[in-house]
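Structural overview
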Amino acid sequence: MSTTACPLCALQPDQLLWSGAGLQVLAVSDSPFPGYTRVIWQDHVAEMTELSEAQRQHLMAAVYVVEQTQREQLGVTKINLAQFGNQVPHLHWHIIPRWTDDPFFPDSAWSPAPARTEEQKQGWASHEERLLGQVNKYQQALRTALQTRFRH
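Right, let's walk through the structure included here. Everything numeric here is computed off the predicted structure, so don't read it as measured data. (Residues numbered from 1 in each chain as written. Predicted model: local features only at pLDDT ≥ 70, side-chain atom pairs only at ≥ 80, totals over all residues. Heavy atoms only, no water.)

As a further point, take the nonpolar core. Ranked by size, the top nonpolar core spans 30 residues in total, and within it Leu-23, Val-25, Val-39, Leu-59, Leu-142 and Leu-146 carry the most contacts. Listed by contribution, the elements that provide at least two residues to this core are β1 (16-20), β2 (23-27), β3 (37-41), α1 (53-74), β5 (92-98) and α2 (118-149). At eight residues, α1 tops the list of elements feeding residues into this core. In this structure Val-25 touches Gln-15, Leu-16, Leu-17, Trp-18, Thr-37, Arg-38, Val-39, Val-66, Leu-142 and Leu-146, once residues within four positions along its chain are discounted. Residues Val-28, Phe-33, Phe-104 and Ala-109 belong to the second largest nonpolar core, which totals six residues. (Core = buried A, V, L, I, M, F, W, Y, C linked by side-chain atoms within 4.5 Å. Buried < 20%, exposed > 50% of the residue type's maximum accessible area, 1.4 Å probe, protein only. Helix = DSSP H or I, 4+ residues; strand = E, 2+ residues; numbered from the N terminus. Contact = heavy atoms within 4.5 Å.)

Turning our attention to the pairing of β5. Judged by how many residues are buried, β5 sits mostly within the fold: seven of seven residues are covered. Of the two faces of β5, the one lined by His-92, His-94, Ile-96 and Arg-98 and the one lined by Trp-93, Ile-95 and Pro-97 are each fully buried. The sheet contact formed by β3 and β5 spans four bridges and is antiparallel. Within β5, the residue paired with Val-39 across the bridge is Trp-93. Looking at chain direction, strand β4 (residues 78-82) and β5 are connected through five bridges and run antiparallel. Residue pairing for β5: Ile-79 is matched across the bridge by Pro-97. (Pairing = 2+ DSSP bridges.)

This paragraph deals with the environment of Thr-37. Among the secondary structure elements, Thr-37 is positioned in strand β3. The buried category is assigned to Thr-37, whose relative accessible area is 0%. Each C-alpha atom, one on Thr-37 and one on Ile-79, is 11 Å from the other, the two residues being 42 residues apart in sequence. Look past the residues within four positions of Thr-37 in its chain and what remains in contact with it is Leu-17, Val-25, Leu-26, Val-28, Val-66, Gln-70, Trp-93, His-94, Ile-95, Tyr-138 and Leu-142. Polar side-chain contacts of Thr-37 include one of 2.6 Å to the backbone oxygen of Gly-35. In this structure the side chain of Thr-37 is engaged in a polar contact, spanning 2.7 Å, whose partner is the side chain of Tyr-138. (Polar contact = N/O pair within 3.5 Å; in protein donor to acceptor, adjacent residues only side chain to side chain.)

Within this model, the largest pocket holds a volume of roughly 440 Å³. Together, 20 residues line the largest pocket, and Arg-38, Gln-87, His-92, His-94 and Trp-110 are the ones closest to its centre. Across the lining of the largest pocket, the residue classes break down as twelve nonpolar, seven polar and one charged. Surrounding the second largest pocket, 13 residues form its lining, Val-28, Ser-29, Pro-34, Gly-35 and Val-135 being those nearest its centre. In terms of residues, the lining of the second largest pocket owes the most to one element, α2, which gives four residues. (1 Å grid on protein atoms, 1.4 Å probe; cavity = no way out; pocket = protein on both sides within 12 Å on 5 of 7 lines; lining within 4 Å. Points joined across faces, edges and corners; volume = space filled by probe spheres on them. Nonpolar A, V, L, I, M, F, W, Y, C, P; charged D, E, K, R; others polar.)

Here we take up α1. If you check α1, its first and last C-alpha atoms are 31 Å apart, about what 22 residues at 1.5 Å a residue would give, namely 32 Å. Each element contacted by the buried residues of α1 is listed here: β2, β3, β4, β5 and α2. Gly-75, located one to two residues past α1, shows a positive phi value of around 60 degrees. (Expected span 1.5 Å × (residues − 1).)

What follows is the structure in structure tokens.
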């Protein structure tokens, strides 16, 4: 796949939260999950087993930093980790914060949203508004944590 045809290589600068050590960490802004983040291996690699053991550990260390920071900053109920690459053969991990009142819980982020009462919808809207106010703080804490973890 050419770099120009790869949507993970053609990212908007406002999505980039941190870059270094062969990785990029991006905000997923078009998501119903405030704080949704991707960790992307910068080289075009489709499968984890194409990386060396050290590279796999390096990549997963970044995923774990994102997960921990989401837990600390966003008051999540659960973190969903996913690595598909079915449409883009460019190794990347989705780190998706979840809450019991989010529109899809307890189903996956890619499932159809289950029916909700008006009261449940209003509850989530209020919670989401508070979370959106915390996203900048989360992103700054994440940058700091990644810089600390991957300091050379």
